Amino acid sequence: MVYVGLVILFGHFVVPFCALLSYRFKVTHHLIRRIACWVLTVILIDICYNVLPALKDEHGDALPFLSINLLWVFTSVIGVGGVCVWAYLKSFPTTKLIPIRDPRIGESLTYHE
């Protein structure tokens, strides 16, 4: 389990920090998507590593990190996230991104000019 701790330690900060030092990685869309997926994966591993030891087997021992419960966690996150993304994309064409009735909309649209 030392390796999981090292992945959490370096995956949260060192890897994204070193990757984002390069300007090319920050402006290339597929590379920044990979870095974002990496960060989300490390966050999920961190949450699982901290929460799953609370689950006990029939003898009262903590379940191992790499078990069938981790598969259930990943599939539930993907399922709930998929439903949220679907709902967002479904409502996206019917809603306005700019507040139409805001009295200061003209001022805010020309703020940097």
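This is a predicted model, so every value here is computed, not measured.

Participant: Would you explain the overall build of the chain in this entry?
Facilitator: Assigned secondary structure in the chain consists of 5 helices and 0 strands. Along the chain, from the amino end to the carboxyl end, the secondary structure elements read α-α-α-α-α. The buried share of the chain, reckoned over its 113 residues, is 14%. The long-range share in the chain, meaning contacts at least 24 apart out of those at least 6 apart in sequence, stands at 37%.

Participant: I'm lost on the confidence of the model for the chain in this one. Help?
Facilitator: Atom-level detail of predicted coordinates should not be read off regions where pLDDT is low. Here the chain averages 84 in pLDDT, and 89% of its residues register 70 or above. Here helix H5 (residues 105-109) stands out as the element of the chain with the lowest mean pLDDT, 83, in contrast to helix H2 (residues 23-27), whose mean of 89 is the highest.

Participant: It is not clear to me how the packing of helix H1 (residues 2-19) against helix H3 (residues 29-51) should be interpreted in this structure. Could you clarify?
Facilitator: In helix packing, the relevant descriptors are the interaxial angle and the interaxial distance, both defined with respect to the helix axes. Running from N to C, H1 and H3 cross one another at 155 degrees; their axes reach a closest spacing of 10 Å. One finds that H1 runs roughly antiparallel with respect to H3. Crossing handedness for the pair H1 and H3: left-handed. Contact with H1, carried on its side by Val4, Val7, Ile8, Gly11, His12, Val15, Pro16 and Ala19, involves Ile35, Trp38, Val39, Val42, Ile43, Ile45, Asp46 and Tyr49 of H3 and no other residues of that element. Tallied by class, residues from the contact of H1 with H3 come to 13 nonpolar, 2 polar and 1 charged.

Participant: What is the right way to read the environment of leucine 40 from this model?
Facilitator: Tracing the chain through its elements places leucine 40 in helix H3. What makes leucine 40 exposed here is its relative accessible area of 57%. Residues leucine 40 and glycine 11, spaced 29 residues apart in sequence, show a C-alpha to C-alpha distance of 10.0 Å.

Participant: I tried to follow the packing of aromatic side chains on my own but got confused; where do I start?
Facilitator: The relative placement of two aromatic rings is captured by the distance of their centres and the angle of their planes. This model, assessed by the stated rule, comprises 2 aromatic pairs. Both rings, one in phenylalanine 13 and one in phenylalanine 17, keep their centres 5.2 Å apart while their planes meet at 20 degrees; by these two values the pair is stacked. With phenylalanine 13 and phenylalanine 17 both in helix H1 and 4 residues apart, this pair spans about one turn of that helix. Residue class for phenylalanine 13 comes out exposed when judged on its relative accessible area of 52%. Phenylalanine 17 sits in the partly exposed class, given a relative accessible area of 43%. Ring plane angle 45 degrees and centroid distance 5.6 Å describe the contact between tyrosine 88 and phenylalanine 92, whose orientation is recorded as tilted. Under the relative-accessibility criterion, phenylalanine 92 is labelled partly exposed at 37%.

What counts as what
- Residues numbered from 1 in each chain as written.
- Predicted model: local features only at pLDDT ≥ 70, side-chain atom pairs only at ≥ 80, totals over all residues.
- Heavy atoms only, no water.
- Helix = DSSP H or I, 4+ residues; strand = E, 2+ residues; numbered from the N terminus.
- Buried < 20%, exposed > 50% of the residue type's maximum accessible area, 1.4 Å probe, protein only.
- Contact = heavy atoms within 4.5 Å.
- pLDDT = per-residue confidence, 0-100.
- Axes fitted to C-alpha atoms, helices over the stretch in contact; angles between N-to-C directions.
- Parallel < 35°, antiparallel > 145°, perpendicular 65-115°, else oblique.
- Left-handed = near helix turned anticlockwise from the far one by under 90°.
- Nonpolar A, V, L, I, M, F, W, Y, C, P; charged D, E, K, R; others polar.
- Phe/Tyr/Trp six-rings, centres within 6.5 Å; stacked < 30°, edge-to-face > 60°.

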